[in-house]
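# Remarks on the overall topology
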Amino acid sequence: MIVSSSLDKTIGLWEVESGKILKQFKGHSDHIMRATFSPDGRFIISCSSDKTIRIWNIETGKEWKILREHSYSVNEVKYFSDGQTIVCSIGYKIQLLDVELTKKIQTLEGYDYSMVCADVSQNSNTITAGSEEGKIQIWGL
C-alpha cells in the first residue's frame, strides 16, 4: 500500500499493484501538506494548512486523534521509530510531540523563515529541517 495527500483535502490509501484506491480519509478543512504511515503500519498521520495534525486508524478508516492549537500551517510531520513521538514543522519552529499524551516534548525555534520540511533519522538521534530560505538545520538528540 501507499498513501497520498492531496490539495482536495483528502488522503488516499492505494493498492500498489492494481492502482485502486482502498480507502479515502476525509476531515481536514484545507490542503493536506503531508501524509505518512506510522512505523507499525497501523496508522496514517497527516498535517495540513488547517493548522492540525490528524492520526487515522487504517483498519477502521476513522480519525483516531486530532492535534490542534497550532498557530501556523503544519508543513511536515514524521514519526520517530518508536511510534510514540513525532516531529513537525509549524511556521517558524520545529516541535516534538508525544502522540499518546498529545503534548509538546520540545520546541526548536528562533528562525527568521518558515520551516517547510523536517525529518528524523532512522535511529531517532538526529532531526533535520529545511526553511523556505533554503537553509538546512541539523539537531542531535
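This text gives an overview of the structure that appears in the document. (Residues numbered from 1 in each chain as written. Predicted model: local features only at pLDDT ≥ 70, side-chain atom pairs only at ≥ 80, totals over all residues. Heavy atoms only, no water.)

### Focus on the sheet that holds strand E8 (residues 74-79)
Backbone hydrogen bonds are what pair the strands of a sheet, in a parallel or an antiparallel way. In spatial order, the strands read E8-E9-E10-E11; together these four strands make up an open sheet with antiparallel pairing. Whereas interior strands pair on both sides, the edge strands pair on one side only; in this sheet they are E8 and strand E11 (103-108). On average, each strand axis in the sheet is inclined to that of its neighbour by 25°, with strand direction left out of account. As judged from the five bridges shared by E8 and strand E9 (residues 85-90), these two strands associate in the antiparallel manner. (Pairing = 2+ DSSP bridges. Helix = DSSP H or I, 4+ residues; strand = E, 2+ residues; numbered from the N terminus. Axes fitted to C-alpha atoms, helices over the stretch in contact; angles between N-to-C directions.)

### Focus: the sheet that holds strand E6 (residues 53-57)
With antiparallel pairing, the four strands of this open sheet are ordered in space as E4-E5-E6-E7. Two strands in the sheet have a free side with no partner beyond their single neighbour: strand E4 (32-37) and strand E7 (63-67). This sheet shows a mean twist of 15° between the axes of neighbouring strands, independent of strand direction. For strand E5 (residues 43-48) and E6, the ladder comprises five bridges, and the chain directions are antiparallel. Bridge pairing in E6 links Ile-44 to Trp-56.

### Structural notes on the pattern of salt bridges
Using the criterion set out here, one finds five salt bridges in the structure. As a salt-bridge pair, Arg-42 and Asp-40 come within 3.5 Å of each other at their nearest N and O atoms. Judged by relative accessible area, which is 49%, Arg-42 ranks as partly exposed. As a salt-bridge pair, Arg-54 and Asp-50 come within 3.8 Å of each other at their nearest N and O atoms. Each member of the pair, Arg-54 together with Asp-50, is buried. Taken together, the shared-partner salt bridges in this structure form one network comprising Asp-50, Arg-54 and Glu-63. (Salt bridge = Lys/Arg side-chain N within 4 Å of Asp/Glu carboxyl O. Buried < 20%, exposed > 50% of the residue type's maximum accessible area, 1.4 Å probe, protein only.)

That's the geometry; what it means functionally is another story.
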